[in-house]
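Summary of structural features
Chain residues, written in single-letter form:
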Amino acid sequence: MKTPKRTVGFLTGVLLNMFINWQWLTVPALLLILHFWLKISIWWFVGAISLWAVMIIIVTLILNYGMSYYSVDPERPNKNPYSYKAPKDDKDS
């Protein structure tokens, strides 16, 4: 039986983690509101967004590293004589 392919690209994993962890954007959103309301520096907002992105990338790297140890069963020969399938010929009949 074939096992499904479990590898996902790194960029896809980062985007999926960003979508799942959108709640972490509350602090940067508050800092952006405070920037426009109280005129605090925009760099607080940029720093918070950068920290969020770095955390997402680190989590994705850890998950990808953990999935790299996923072991696939080696293909075994078919020993059941009743399920043998003869190779197909390339002849047009």
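Everything below is about the structure shown above.
Residues numbered from 1 in each chain as written. Predicted model: local features only at pLDDT ≥ 70, side-chain atom pairs only at ≥ 80, totals over all residues. Heavy atoms only, no water.

Let's shift gears to the packing of helix α1 (residues 10–20) against helix α3 (residues 42–67). In the contact formed by α1 and α3, the axes pass within 9 Å of each other and the chain directions differ by 125°. Classified by the interaxial angle, the pair formed by α1 and α3 is oblique. Viewed along their axes, α1 and α3 form a crossing whose handedness is right-handed. Touching Phe10, Gly13, Val14, Asn17 and Met18 of α1 are Trp52, Ala53, Ile56, Ile57, Val59, Thr60, Leu61, Leu63 and Asn64, all from α3. Here the contact of α1 with α3 is composed, by residue class, of ten nonpolar, four polar and no charged. (Axes fitted to C-alpha atoms, helices over the stretch in contact; angles between N-to-C directions. Helix = DSSP H or I, 4+ residues; strand = E, 2+ residues; numbered from the N terminus. Parallel < 35°, antiparallel > 145°, perpendicular 65-115°, else oblique. Left-handed = near helix turned anticlockwise from the far one by under 90°. Contact = heavy atoms within 4.5 Å. Nonpolar A, V, L, I, M, F, W, Y, C, P; charged D, E, K, R; others polar.)

Together, Trp24, Leu51, Met55, Val59 and Leu63 make up an exposed nonpolar region whose accessible area comes to about 440 Å². Judged by relative accessible area, which is 48%, Leu63 ranks as partly exposed. (Patch = residues over 30% accessible without salt bridge, like charges linked within 9 Å, V, L, I, M, F, W, Y side chains within 5 Å. Areas by Shrake-Rupley, 256 points an atom, 1.4 Å probe, with all protein chains shown as cover. Salt bridge = Lys/Arg side-chain N within 4 Å of Asp/Glu carboxyl O. Buried < 20%, exposed > 50% of the residue type's maximum accessible area, 1.4 Å probe, protein only.)

Turning next to unusual backbone geometry. Even without a glycine there, the phi angle at Lys39 is positive, about 60°. On the secondary structure map, Lys39 appears in the loop between α2 (26–38) and α3.

This part is about the packing of α2 against α3. Closest axis-to-axis distance for the α2/α3 pair is 8 Å, and the angle between their directions is 170°. In terms of orientation, α2 lies roughly antiparallel with respect to α3. From α2, Pro28, Leu31, Leu32 and His35 reach across to α3, where they touch Ile42, Trp44, Phe45, Ala48 and Ile49. Residues that form the contact of α2 with α3 fall into these classes: eight nonpolar, one polar and no charged.

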